[in-house]
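Overview (structure and organization)
These are the residues of each chain, in order.
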Amino acid sequence: MKLNSDVRQLMAGKKAVYPTKRSMNLYFKVDRTTAPATAALYVLFAAAVLLGLGKIMVYDFISQEKQLESQVLALEQRTVQQMQQLKNYDQVLEDYIRSLPTQQEQEQPDVMDLLALIDTTIRPTAQVTQVSIEGNQVVIAFSGVTLAQAADLVVQLEQSPLVANTQVDTASSTDGTDQVEVHVYFQAAQEESAT
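Residues numbered from 1 in each chain as written. Predicted model: local features only at pLDDT ≥ 70, side-chain atom pairs only at ≥ 80, totals over all residues. Heavy atoms only, no water.

Attention shifts here to the side chain of Thr121. Relative to the assigned elements, Thr121 resides in helix H5 (residues 111–121). The exposure class of Thr121 is buried, given its relative accessible area of 9%. A distance of 2.9 Å separates a polar atom in the side chain of Thr121 from the backbone oxygen of Leu117. (Helix = DSSP H or I, 4+ residues; strand = E, 2+ residues; numbered from the N terminus. Buried < 20%, exposed > 50% of the residue type's maximum accessible area, 1.4 Å probe, protein only. Polar contact = N/O pair within 3.5 Å; in protein donor to acceptor, adjacent residues only side chain to side chain.)

And the structure:
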């Protein structure tokens, strides 16, 4: 044995074999970028970012403001149109209030029904000279009938559901004949309100 020999080699036994490269890639790209081109790219990138931020932070707010202004103008035009439609509001309200019956008028009987009752009951046989209806009080003056006929007419009035109380104020002979002039006072029955 040699004294100068490496103990490791003796112990290891066989030498390790590593693969070796048999071909070489000779492609090499030369960096042709220059500082001004790189700076220009950075400037373009910064400009794009600034444009994006400008759109989000400035242009969108301006466009939203213009939209809101156009909505305000549209609402103002609509308000002007409605005010033109409502320029006669006071007159319409007054007419409406006048056309609506008051609570007292709603509780009164229908005047047309009372006149229809007078027409069907008294007018065929007697000559009606006066009809006065105020609230639920009615005064009728008629003539051209005898006292018995006048009593029958008053009884017919009392039988109507529209009549509550009947009074004959005066029954007097007008010209010495048996025909009399009669003044009848009665209260119209109150209409029951459906609640």
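Having seen the structure, we can now continue with the description.
What follows is about the side chain of Ser143. With respect to the secondary-structure elements, Ser143 resides in strand S2 (residues 137–146). Since its relative accessible area comes to 14%, Ser143 is described here as buried. Leaving out residues up to four positions away in the same chain, Ser143 has contacts with Ala126, Gln127, Thr129, Val180 and Glu181. (Contact = heavy atoms within 4.5 Å.)

As a further point, take the nonpolar core. Grouped together as the largest cluster of nonpolar side chains are 20 residues, with contacts concentrated most on Ile122, Ile140, Phe142, Leu157, Val184 and Phe186. Listed by contribution, the elements that provide at least two residues to this core are H5, S2, helix H6 (147–159) and strand S4 (179–188). In terms of residue count, the dominant contributor to this core is S4 (5 residues). Residues within four places of Phe186 in sequence aside, it is in contact with Leu114, Asn136, Gln137, Val138, Ile140, Leu157, Val163, Asn165 and Thr166. (Core = buried A, V, L, I, M, F, W, Y, C linked by side-chain atoms within 4.5 Å.)

Let us now look at the pattern of salt bridges. Per the stated rule, a full pass over the model turns up 2 salt bridges. Ionic pairing is found between Asp60 and Lys55, a salt bridge with its closest N-O pair at 3.1 Å. Assessed through its relative accessible area of 29%, Asp60 is described here as partly exposed. Residue classification places Lys55 among the partly exposed residues on the basis of a relative accessible area of 44%. (Salt bridge = Lys/Arg side-chain N within 4 Å of Asp/Glu carboxyl O.)

So far we have only geometry, and geometry alone does not tell us how the molecule works.
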